[in-house]
Amino acid sequence: MRQDNLFDIFRLFVVLYRIYAFYPPLFVFFFAKSCRNTEVFRQLNNFHLGKCVYASAFTGEVIIPSSVTYISSATFTGCAGITAIRVEEGNTKFKAMDGILYTIDGKELINAPRGLVLENYIIPEGVEKIWDYAFQSCSNITGTLTFPSTLEIISNTSFTGIVISYIEVAENNNTFK
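The structure displayed is predicted, hence computed values, not measured ones.

K.L.:
Describe the sheet that holds strand 12 (residues 166-169), naming the residues involved and giving the relevant values.
P.N.:
Overall, parallel pairing links the 3 strands, which are arranged 8-10-12 in an open sheet. The open sheet is flanked by strand 8 (118-122) and strand 12, the only strands paired with a single partner. The average angle at which neighbouring strand axes cross in this sheet is 10°, direction not considered. Across 4 bridges, strand 10 (residues 141-147) lies against strand 12 in parallel orientation. Considered in strand 12, the bridge of threonine 144 is made with tyrosine 166.

As structure tokens, this is what we get:
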């Protein structure tokens, strides 16, 4: 074995050890081969989901437990197999509508899963902000994507890596005329 390969293996071991030693729930994410629903998330108690789910191991529907209190804008980046996000009843920070993750008050759209199929989707009235990476690499959006009159902020990276046929903006939206 070449010396640089051994060094790479050693570095990986150190990273994984640090994850396991300091953040045990995160360790599970790196070894989840084909996680469905909440098998991994159920171990979380008042947990913050940062960039820890950056892997394509998750498939199907993901359910965010009521114990999760923080989710990063990049939490599900790279998870092409997720087809919908649901939020467990009792979560005080998040909700899901049409398989898309929002803040509990519905003012911020956090994430549309990469595998979610959307056709002629209307972002709900009341949404004021679309987070970074919210629709990144969503290749299953067809038809028209309609922005509500309440939308004020779209991040520079909200729609990277996607092709949208048509975007419609509500007539009374004063920000995007």
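Moving on from the model shown.
K.L.:
Which residues make up the pairing of strand 7 (residues 108-111), and what are the values?
P.N.:
Pairing between strand 6 (residues 100-103) and strand 7: 2 bridges, direction antiparallel. Bridged to tyrosine 102 within strand 7 is leucine 109. In textbook terms, the turn of a hairpin is the stretch between consecutive antiparallel strands, and for strand 6 and strand 7 this stretch comprises 4 residues, one of which, glycine 106, has a positive phi near 75°. Pairing between strand 7 and strand 9 (residues 129-130): 2 bridges, direction parallel.

K.L.:
Can you tell me about the sheet that holds strand 6, naming the residues and giving the values?
P.N.:
Taking strand neighbours across the sheet as the criterion, the 5 strands line up as 5-6-7-9-11 in an open arrangement whose pairing is mixed. If you trace the sheet from one side to the other, it starts and ends with strand 5 (94-97) and strand 11 (153-154), each paired once.

K.L.:
Can you break down the packing of aromatic side chains residue by residue, with the values?
P.N.:
Applying the stated criterion across every chain, the model contains 3 aromatic pairs. Measuring from ring centre to ring centre gives 5.0 Å for phenylalanine 135 and phenylalanine 159, while their planes differ by 10°; the resulting arrangement is stacked. Placement of the pair is phenylalanine 135 in the loop between strand 9 and strand 10 and phenylalanine 159 in the loop between strand 11 and strand 12, with a sequence separation of 24 residues. The two residues phenylalanine 135 and phenylalanine 159 agree in class, both being buried. Judged by centre distance (6.4 Å) and plane angle (55°), the ring pair of phenylalanine 147 and phenylalanine 176 falls under tilted. You can see phenylalanine 147 sitting in strand 10 and its partner phenylalanine 176 sitting in the segment after strand 12, a full 29 residues away along the chain. Since its relative accessible area comes to 5%, phenylalanine 147 is described here as buried. Taking relative accessible area as the criterion, phenylalanine 176 reaches 28% and is therefore assigned partly exposed. Joined through ring pairs, the aromatic side chains of Phe135, Phe147, Phe159 and Phe176 make up one cluster.

K.L.:
Residues and numbers for the environment of serine 72, please.
P.N.:
On the secondary structure map, serine 72 appears in the loop between strand 3 (70-71) and strand 4 (82-87). Taking relative accessible area as the criterion, serine 72 reaches 10% and is therefore assigned buried. Separated by 60 residues in sequence, serine 72 and aspartate 132 have C-alpha atoms that sit 9.3 Å apart.

K.L.:
Could you give an account of the environment of serine 139, naming the residues involved and the relevant values?
P.N.:
Within the secondary structure, serine 139 is located in the loop between strand 9 and strand 10. For serine 139 and leucine 116, which are 23 residues apart along the polypeptide, the C-alpha to C-alpha distance reads 8.6 Å.

K.L.:
Which residues make up the nonpolar core, and what values do they have?
P.N.:
Membership of the largest hydrophobic core comes to 19 residues, with the highest contact counts inside it found for Ile100, Leu109, Ile123, Ile130 and Phe135. For this core, the secondary structure elements donating two or more residues are strand 6, strand 8 and strand 10. A total of 3 residues in this core trace back to one element, the largest contributor, which is strand 10. Not counting residues within four places of it along the chain, the set of residues in contact with isoleucine 130 comprises Leu109, Ile123, Phe135, Phe147, Leu151, Ile153, Ile154, Ser155, Ser158 and Phe159.

Criteria and cut-off values
- Residues numbered from 1 in each chain as written.
- Predicted model: local features only at pLDDT ≥ 70, side-chain atom pairs only at ≥ 80, totals over all residues.
- Heavy atoms only, no water.
- Pairing = 2+ DSSP bridges.
- Helix = DSSP H or I, 4+ residues; strand = E, 2+ residues; numbered from the N terminus.
- Axes fitted to C-alpha atoms, helices over the stretch in contact; angles between N-to-C directions.
- Phe/Tyr/Trp six-rings, centres within 6.5 Å; stacked < 30°, edge-to-face > 60°.
- Buried < 20%, exposed > 50% of the residue type's maximum accessible area, 1.4 Å probe, protein only.
- Core = buried A, V, L, I, M, F, W, Y, C linked by side-chain atoms within 4.5 Å.
- Contact = heavy atoms within 4.5 Å.

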